[in-house]
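# Summary of structural features
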Amino acid sequence: MTRLSRVLALLTMGLLAGTAAGETTSSGPVSKETALKAIETFQKDPSGTDGLAAASMIMSFAKKSDAVHLTHSKAVVPWLKKQDAPDADTRSILLAAYVAGNVRSQLKSGKAEDDIYAGWQQVISTYDQLRRINPTVKLPEIDSFKAKEKAGTLRSYASEVQ
């Protein structure tokens, strides 16, 4: 298993199981401001070293902070598969993207209310970034989200699955 695979497997297991230790800075738990900076770093290069480190911090913040509320289900994150799937790295990065978009929306609005639509928008953006790096990346679940967004129905679909 590559370093990337190990990091992403831990990210995914930590969020879904809710048992990973929280990230801290030298001054204590991750602040909202630090989480927002981590989201910016992740958005710039989600598959790079800094992006993966930021993803870890974002996931930890999402689990530990009372400032945000996230749900995850098969309907909300349909691209998740078993860790041994050949494209598990990509799918894990997209999970981090979902969390980043959802958390960013909540922190910017000041409301701890799940924002599935914002999470999916970040998933689409990150998916496009990953496809520019590797055009063979193809996930029907995300392509379906992209089609709904283009048709103007993704937001209403997010309300349905919430």
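What comes next is a walk through the structure. Please read all numbers here as calculations on a predicted model, not as lab measurements. (Residues numbered from 1 in each chain as written. Predicted model: local features only at pLDDT ≥ 70, side-chain atom pairs only at ≥ 80, totals over all residues. Heavy atoms only, no water.)

## Describing the overall build of the protein
- Helix and strand counts for the protein come out as seven helices and two strands.
- Within the protein, the fraction of its 162 residues that count as buried is 44%.
- Once local pairs closer than 6 in sequence are excluded, the contacts in the protein between residues at least 24 apart make up 66%.
- Total accessible area computed for the protein in this model is approximately 8500 Å², and 51% of it derives from carbon and sulfur atoms. (Helix = DSSP H or I, 4+ residues; strand = E, 2+ residues; numbered from the N terminus. Buried < 20%, exposed > 50% of the residue type's maximum accessible area, 1.4 Å probe, protein only. Contact = heavy atoms within 4.5 Å. Areas by Shrake-Rupley, 256 points an atom, 1.4 Å probe, with all protein chains shown as cover.)

## A closer look at empty space enclosed by the protein
- Under the definition given, this model contains one cavity of 30 Å³ or more.
- The volume enclosed by the largest cavity comes to roughly 40 Å³.
- Every residue along the wall of the largest cavity is listed here: Leu-80, Lys-81, Lys-82, Gln-83, Ala-85, Ala-88, Arg-91 and Ser-92.
- Grouping the amino acids of the lining of the largest cavity by side-chain chemistry returns three nonpolar, two polar and three charged. (1 Å grid on protein atoms, 1.4 Å probe; cavity = no way out; pocket = protein on both sides within 12 Å on 5 of 7 lines; lining within 4 Å. Points joined across faces, edges and corners; volume = space filled by probe spheres on them. Nonpolar A, V, L, I, M, F, W, Y, C, P; charged D, E, K, R; others polar.)

## Topic: the pattern of salt bridges
- One pass over the structure, following the stated rule, counts five salt bridges.
- Between Arg-91 and Glu-141 there is a salt bridge; the shortest N-O distance is 3.6 Å. Here Arg-91 is found in helix H4 (residues 88–109), whereas its partner Glu-141 is found in helix H6 (residues 140–151), with 50 residues between them in sequence. For the pair Arg-91 and Glu-141, one class covers both residues: buried.
- A salt bridge links Asp-143 to Lys-138; the shortest N-O distance between them is 2.8 Å.
- Look at Asp-143 and you get partly exposed, because its relative accessible area is 23%.
- The structure contains a network of salt bridges with shared partners spanning Lys-81, Asp-87, Arg-91 and Glu-141. (Salt bridge = Lys/Arg side-chain N within 4 Å of Asp/Glu carboxyl O.)

## Considerations on the packing of aromatic side chains
- Overall, the coordinates contain four aromatic pairs when judged by the stated rule.
- Centroid distance Trp-79 to Tyr-98: 6.4 Å. Interplanar angle 65 degrees. Geometry classified as edge-to-face. Highlighted residues: Trp-79 in the loop between helix H3 (49–64) and H4 and Tyr-98 in helix H4, separated in sequence by 19 residues. No difference in accessibility class separates Trp-79 from Tyr-98, as the two residues are buried.
- What links up through ring pairs into an aromatic cluster is the set Trp-79, Tyr-98, Trp-120, Phe-145 and Tyr-157. (Phe/Tyr/Trp six-rings, centres within 6.5 Å; stacked < 30°, edge-to-face > 60°.)

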